[in-house]
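# A look at the structure
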Amino acid sequence: MPALSVRSASLPSRSPAIEQKRKQRASSQHRGRACLNLALQGGGAHGAFTWGVLDRLLEDEDIEFKRISGTSAGALNGAALASGLAVGGRAGARKNLEKLWSQVAQVGALMSMLLVPLKKPGLGIWDDAMPLLSPYQTNPLSLEPLRSVLASVVDEKALQSGAAPRLYVNAVNVSTGLSRVFGPGEVSIAALLASACAPLMFPAVEIDGESYWDGSYAGNPMLWPLYEGELDTDILMVELTPLVRPETPTTAKNILNRINEIASVNGLAAEMRELELVNAASFADSGPCVRMHVLSLPDGLADGEFEPSTKRTVGPLLFETLRRKGYGACNEWLAAHRGSLGIQSTVNIASRYLAP
């Protein structure tokens, strides 16, 4: 995927009086309770870190969720969260997320057994061979094990109810290369499978006669559904893909992993650039702006403690370790930034995502 050229643009400044008025309005509107729109990145097994973040957020009775945009593992987390909230409230959502990851661990272990010795965890043989093998040759079960997991976790009717946050998931059309966002009324188990369909691991998912692959190749995740028609909003993105890797990859598995990450990073940069332009126009009119917040997978997890290939690893111990890391990271983030919700962004988009 060719890199997108993105340049940073400075935002026009508001007068102190206008800025104070904006903060007072935001504070009065959001005091006591906070409303978050969630942007959930994909990242394979690293999505268990997001599970931990969501688990902690659900403990805070004063945080509500209106919209969720997810890609790949982020789409699965978002669907489990939204479906659980609609059916069983906060407790139901927490149980649903736990059920999702425990069942993914179970079916993942089964698939590992069936694919031995090519996919024996720890040897790295599968990761190195994967660029030379097609999932149409090596994965006769396709996404069926994951389909059965989602069928037990996701209530499609509940997702359409007013009790559920509005869910958006995206996938890439194999023929056109364009991203499709499945919104309220369109999100289905098939759409979730399409969003999580890694091209070298699973055959493409067909929906309405079109073939789809993992959505992270175009947007990880798509941000515009979270503020379209409502700029006065807070977006919290759980970021699993590292923006920078200082080392040059030398093994086949790590080269492939970085190629995928570059596509993901450039798609996200394009989304952030669009958000900056929207906010710039709003600043000029002294209107409401989108407030952006980011909670990232710690560098130690992305680069050291868990190497890139762990994204394709499954197991209850790994998932629980990541969940605890996510829970702790979210706890620290809330302690530092809870008071900014409804008032101001806690991340500088231009310097973090748009600088050369």
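Below is a summary of the structure that appears in this document.

A separate point is the overall build of the protein chain. Looking only at helices and strands, one finds 12 helices and eight strands in the protein chain. Counting every position in the protein chain, which comprises 356 residues, the buried fraction comes to 53%. Counting contacts in the protein chain only where the partners sit at least 6 residues apart, residues at least 24 apart contribute 78% of the total. Split by element, the accessible area of the protein chain, about 15,500 Å² in all, is 56% carbon and sulfur.

This part takes up the pairing of strand 6 (residues 210-214). Regular strands place their side chains on alternate faces of the sheet. Looking at chain direction, strand 3 (residues 166-173) and strand 6 are connected through three bridges and run antiparallel. Looking at the pairing, Ala171 lines up with Asp214 of strand 6.

What follows deals with the pairing of strand 7 (residues 233-239). Burial of strand 7 is extensive: seven of the seven residues sit out of reach of the surface. The two faces of strand 7 match: Thr233, Ile235, Met237 and Glu239 on one face and Asp234, Leu236 and Val238 on the other face are all buried. The sheet contact formed by strand 1 (residues 34-40) and strand 7 spans five bridges and is parallel. Considered in strand 7, the bridge of Ala39 is made with Met237. Pairing geometry for strand 7 and strand 8 (residues 290-296), over seven bridges, is parallel. If you follow Asp234 over to strand 8, its bridge partner there is Arg291. Read from strand 7 through helix 9 (residues 252-284) to strand 8, the crossover connection turns out right-handed.

Another point: the nonpolar core. Counting residues in each nonpolar core, the largest one holds 66 residues, and the members touching the most others are Leu38, Phe49, Leu57, Leu100, Leu150, Leu192 and Phe319. With 14 residues, helix 3 (residues 73-114) is the single largest residue contributor to this core. Core analysis: the next-biggest nonpolar cluster, separate from the first, contains 16 residues, Leu226, Val347, Tyr353 and Leu354 among them.

So, on to unusual backbone geometry. Negative phi values dominate among residues other than glycine, just as trans dominates among peptide bonds. Here the amide bond leading from Asn220 into Pro221 is cis, since omega sits at -5 degrees, within 30 degrees of zero. Relative to the helices and strands, Pro221 resides in the loop between strand 6 and strand 7. Backbone geometry places Ser72, a non-glycine residue, at a positive phi of 55 degrees. Of note, Ser72 is situated in the loop between strand 2 (63-70) and helix 3. With a phi close to 55 degrees, Asp208 is a non-glycine residue in the positive phi region. If you trace the backbone, Asp208 turns up in the loop between strand 5 (205-207) and strand 6. For Asp208, a relative accessible area of 65% puts it in the exposed group.

Moving on, we come to the packing of aromatic side chains. Summed over all chains, the structure comprises three aromatic pairs. Judged by centre distance (6.5 Å) and plane angle (5 degrees), the rings of Trp51 and Trp101 are stacked. Of this pair, Trp51 sits in helix 2 (residues 47-59) while Trp101 sits in helix 3, and the two are 50 residues apart along the sequence. Classification of Trp101 as buried rests on a relative accessible area of 6%. Pairing Phe182 with Tyr212 gives two aromatic rings, centres 5.8 Å apart and planes at 70 degrees, and the pair type is edge-to-face. Residue Phe182 is located in strand 4 (residues 179-182), and its partner Tyr212 is located in strand 6; the two are separated by 30 residues in the primary sequence. Judged by its relative accessible area of 2%, Phe182 falls in the buried class. The structure contains a cluster of three or more aromatic residues connected by ring pairs, namely Trp51, Trp101 and Phe319.

Inspection of the secondary structure assignment puts Thr346 in the loop between helix 11 (316-337) and helix 12 (349-354). Residues Thr346 and Leu295, 51 residues apart in the sequence, show an inter-C-alpha distance of 10.0 Å. Apart from residues lying up to four places away in sequence, Thr346 is in contact with Met292, His293, Trp333, His337 and Ser340. Among the polar contacts listed, one links the side chain of Thr346 to the side chain of His293, at a separation of 2.8 Å.

Turning to the packing of helix 2 against helix 11, a few remarks are in order. Relative to each other, helix 2 and helix 11 sit at 45 degrees, their axes nearing to 6 Å. Classified by the angle between their axes, helix 2 and helix 11 sit oblique to one another. Between helix 2 and helix 11 lies a crossing of right-handed hand. On helix 11, the residues that touch Ala48, Phe49, Trp51, Gly52, Val53, Asp55, Arg56, Leu57 and Glu59 of helix 2 are Phe319, Glu320, Leu322, Arg323, Lys325, Gly326, Tyr327, Ala329, Cys330, Asn331 and Leu334. A class-by-class count of the residues in the contact of helix 2 with helix 11 yields 11 nonpolar, three polar and six charged.

Taking 1.5 Å per residue, 13 residues should reach 18 Å; helix 2 reaches 19 Å between its end C-alpha atoms and fits that length. All buried positions along helix 2 are accounted for by Gly47, Ala48, Phe49, Thr50, Trp51, Gly52, Val53, Leu54, Asp55, Arg56, Leu57 and Leu58.

Turning our eyes to something else, we now look at the pattern of salt bridges. Here the structure, examined in full by the defined rule, presents 20 salt bridges. The closest approach of N and O atoms between Glu61 and Arg90, which form a salt bridge, is 3.5 Å. Here the residue Glu61 occupies a position in the loop between helix 2 and strand 2, and Arg90 occupies one in helix 3, the gap between them amounting to 29 residues. For Arg90, a relative accessible area of 17% translates into the label buried.

Parameters and conventions
- Think of each chain on its own: its residues are numbered from 1, step by step along the sequence as written.
- At least 70 in pLDDT is required for a residue's local features to be given in this predicted model, at least 80 for side-chain atom pairs to be given and counted, and no such filter applies to totals for whole chains, interfaces and linings, which use all residues.
- As a rule here, side-chain values cover all heavy atoms of the structure and leave hydrogens and water aside.
- Put simply, DSSP marks the helices as runs of H or I at least four residues long and the strands as runs of E at least two long, and each gets a number from the N terminus on.
- Classification of residues uses two cut-offs on accessible area relative to the type maximum, computed with a 1.4 Å probe and protein chains only: under 20% is buried, over 50% is exposed, and between them is partly exposed.
- For this analysis, residues touch if any pair of their heavy atoms sits within 4.5 Å.
- Shrake-Rupley sampling with a 1.4 Å probe provides the accessible areas, and residues are treated as covered by the protein chains on show and by no other component.
- Only when DSSP finds a minimum of two bridges between them are two strands counted as paired.
- A crossover counts as right-handed when, viewed with the strands pointing away from the observer, the path leading from the first strand over the helix to the second turns clockwise.
- Take the buried Ala, Val, Leu, Ile, Met, Phe, Trp, Tyr and Cys residues and link them wherever side-chain atoms come within 4.5 Å; each set so joined is a nonpolar core.
- Stacked, tilted and edge-to-face are the three classes applied to pairs of Phe, Tyr and Trp rings, where Trp contributes its six-membered ring and a pair requires centres within 6.5 Å; stacked means planes under 30 degrees apart, edge-to-face means over 60, and tilted covers the rest.
- Each polar contact in these results corresponds to two N or O atoms within 3.5 Å; when the atoms are within protein, one needs to be able to donate a hydrogen and the other to accept it, and residues that are neighboring in sequence are counted only if both atoms are side-chain atoms.
- Between the N-to-C directions of two axes lies an angle of 0 to 180 degrees, each axis being a line fitted to C-alpha atoms and, for a helix, fitted only over the stretch in contact.
- Each angle receives one of four descriptions, namely roughly parallel if under 35 degrees, roughly antiparallel if over 145, roughly perpendicular if within 65 to 115, and oblique otherwise.
- When the near helix sits turned anticlockwise from the far one by under a right angle, the crossing is termed left-handed; a clockwise turn instead gives a right-handed crossing.
- All residues other than Ala, Val, Leu, Ile, Met, Phe, Trp, Tyr, Cys, Pro, Asp, Glu, Lys and Arg, Gly among them, are scored as polar; the first ten of these are nonpolar and the last four charged.
- By this rule, a helix spans an expected 1.5 Å times one less than how many residues it contains.
- By salt bridge we mean one thing: a side-chain nitrogen of Lys or Arg within 4 Å of a carboxyl oxygen of Asp or Glu.

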